[in-house]
Amino acid sequence: MTLKRRFTNRFIIISFFLLLFTGCRKEEIGFIHNYRVEVVLSPGGVGDQGYNDKILRGFQEAAIKYGFMLAVHVPDEKEQGRQIYEDWLSTTIDDKCERSLFVFSGSEYEYLLEELTLPDDSRQDVLMLETEREYDGIYTFNVGCYAASYLAGATCVLDNEGKEQKALIIAANPHDRQVKRAVDGYRDGYLAAGGTGCDIHYLSEEPDGGYRMQDEAYQFCLENDGEYMYYFSAAGASNKGVYRFSRESYNLAVGMDDNMGFFSSMITMSVVKHMDKVVIDVLGALLENREIPYHQDFTYSSGYEEMVYSEGVTEEWFLDISDIRNRIIEIEQSYEESLQ
């Protein structure tokens, strides 16, 4: 039985809860306590059932774990993030508040880093997620995905009796450094394991573009139906267009950001970034006044990135890549050094 036929015979019931926010508004979640956290999310990101929803879930779970009041802003445009921050900065916190944190949830707010006025109150701090920028006085961190993507690419090379094996990567745009890590990792792993080619298609050339183009992603895959052994996407909510294509056309695909096996029986594995876990951990450290660096880079050894198989899929279904797996930390380190 071929690998494609094996996945075609699987049956999955899709069940999900979609969070939908419109406009620019604030929703308060959690418990009013001595800690307060205010976060501005990525415009249009909530509801992607992947990266942004994991970030939101992390804040919600952290609010329950640490007992703080959580205010969530979902702007229409990223430029609104500046005004939301200035409103937070100008609000005097009462004497009972022990800690107050403001969080920018994504790298699209990087352009604000050098323009922000820092709070005078020692109880207040600012955190920015998913940026490589280091800025004194603002806490930042970055979660890599090169290693997990590399492992996924290597795993996708099948025992195909010497026949040509090509993969297709659908990416949001060539400017996002995290998208670049996913693209480079998957391509490098696929070729290192014996793949004969890996094509890359960008949905947009704009720095903030390509993340909400599901129809375009679906159409491009449809136009290249059967041309590739595997289809991999790193394009935010646009990934769902690739998952739909995989489900309808029975083409093998790789999920991104979370375990996406429920989208299609043909998704054999996913590149997972545990953004919910890192949000909980970093918030805990800041709220409890533990000493942490102003900037942190989390790679494969942190446990916040990994490649996972879909339900019912095991590594025995694929070629042995134990040599690559044993060297993956070294491989990722070499790649990260090349970016500096």
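Fair warning: this is a prediction, and the values are worked out from it, not measured in the lab. (Residues numbered from 1 in each chain as written. Predicted model: local features only at pLDDT ≥ 70, side-chain atom pairs only at ≥ 80, totals over all residues. Heavy atoms only, no water.)

Student: Whenever I open this one, helix α6 (residues 214-223) confuses me. Can you help?
Tutor: The α-helix advances 3.6 residues per turn, and as a result positions three or four apart in sequence lie on the same side. All of the buried residues in α6 are Ala217, Tyr218 and Cys221. Down the axis of α6, the buried side of the element spans an arc of 100 degrees, and every buried residue falls inside it. Across α6 from its buried face, at more than 90 degrees, point the exposed residues Asp215 and Glu223. Structurally, α6 contributes buried residues whose contacts are with β7 (166-171), β9 (230-234) and α7 (239-249). (Buried < 20%, exposed > 50% of the residue type's maximum accessible area, 1.4 Å probe, protein only. Helix = DSSP H or I, 4+ residues; strand = E, 2+ residues; numbered from the N terminus. Arc of directions from axis to C-beta. Contact = heavy atoms within 4.5 Å.)

Student: Please clarify how the sheet that holds strand β8 (residues 197-202) should be interpreted in this entry.
Tutor: The strands making up a sheet are joined through hydrogen bonds of the backbone, oriented either antiparallel or parallel. Spatially, six strands are ordered β8-β7-β9-β10-β11-β13 in an open sheet, and the strand pairing comes out mixed. Both edges of this open sheet fall to β8 and β13 (305-309), since each of them pairs with a single strand only. Taking the axes of each pair of neighbouring strands and ignoring which way they run, one obtains an average angle of 20 degrees across the sheet. With two bridges connecting them, β9 and strand β10 (residues 253-257) associate as parallel partners. Residue pairing in the sheet places Phe232 in a bridge with Val254 of β10. (Pairing = 2+ DSSP bridges. Axes fitted to C-alpha atoms, helices over the stretch in contact; angles between N-to-C directions.)

Student: What am I meant to see in the pairing of strand β4 (residues 99-104) here?
Tutor: Working note: regular strand, side chains alternate between the two faces of the sheet. In terms of residue burial, β4 counts as a mostly covered element, since six of its six residues are buried. Going residue by residue along β4, you find Arg99, Leu101 and Val103 tucked away on one face and Ser100, Phe102 and Phe104 tucked away on the opposite face as well. When strand β2 (residues 35-40) meets β4, the two strands line up parallel, connected through six bridges. Residue pairing across strands places Arg36 opposite Ser100, the latter belonging to β4.

Student: I keep staring at the packing of aromatic side chains and nothing clicks. Help me out?
Tutor: Applying the stated rule across the entire model yields 18 aromatic pairs. Between the aromatic rings of Tyr85 and Phe104, the centroid separation amounts to 5.7 Å while the plane-to-plane angle is 35 degrees, which identifies the pairing as tilted. Residue Tyr85 is located in helix α3 (residues 80-90), and its partner Phe104 is located in strand β4; the two are separated by 19 residues in the primary sequence. You'll find Tyr85 and Phe104 in the same group, each marked buried. When the ring of Tyr231 is compared with that of Phe245, the centres are 4.9 Å apart and the planes differ by 65 degrees; the resulting orientation is edge-to-face. Of the two residues, Tyr231 is situated in strand β9 and Phe245 in helix α7; the sequence distance between them amounts to 14 residues. Here Tyr231 and Phe245 have matching classes, each one buried. These aromatic residues form a ring-pair network of at least three members: Tyr85, Trp88, Phe102, Phe104 and Tyr109. (Phe/Tyr/Trp six-rings, centres within 6.5 Å; stacked < 30°, edge-to-face > 60°.)

Student: Help me out: how do you make sense of the pattern of salt bridges in this one?
Tutor: Following the criterion strictly, the structure yields 21 salt bridges and no others. Among the charged side chains, a salt-bridge network with shared partners connects Lys54, Arg57, Asp258 and Asp276. (Salt bridge = Lys/Arg side-chain N within 4 Å of Asp/Glu carboxyl O.)

Student: How do you make sense of the layout of surface pockets when you look at a structure like this?
Tutor: Empty space among the atoms becomes apparent when a probe as large as a water molecule is rolled across them. In this structure, the largest pocket spans a volume of roughly 960 Å³. Lining the largest pocket are 40 residues, with Ser107, Glu108, Asp176, Asp208 and Tyr211 sitting closest to its centre. A per-element tally of the lining of the largest pocket places helix α5 (residues 177-192) first, with four residues. Of the residues contributing to the lining of the largest pocket, the split by class is eleven nonpolar, 13 polar and 16 charged. (1 Å grid on protein atoms, 1.4 Å probe; cavity = no way out; pocket = protein on both sides within 12 Å on 5 of 7 lines; lining within 4 Å. Points joined across faces, edges and corners; volume = space filled by probe spheres on them. Nonpolar A, V, L, I, M, F, W, Y, C, P; charged D, E, K, R; others polar.)

Student: Would you explain the side chain of Glu130 in this entry?
Tutor: As for its placement among the helices and strands, Glu130 is situated in the loop between β5 (124-129) and β6 (139-143). By relative accessible area, Glu130 is classed as buried at 3%. For Glu130, the side chain forms a polar contact with the main-chain nitrogen of Val143, separated by 2.8 Å. Ignoring any residue separated from it by four or fewer positions in sequence, one finds Glu130 in contact with Tyr51, Ser107, Phe141, Asn142, Val143, Gln178, Lys273 and Met275. (Polar contact = N/O pair within 3.5 Å; in protein donor to acceptor, adjacent residues only side chain to side chain.)

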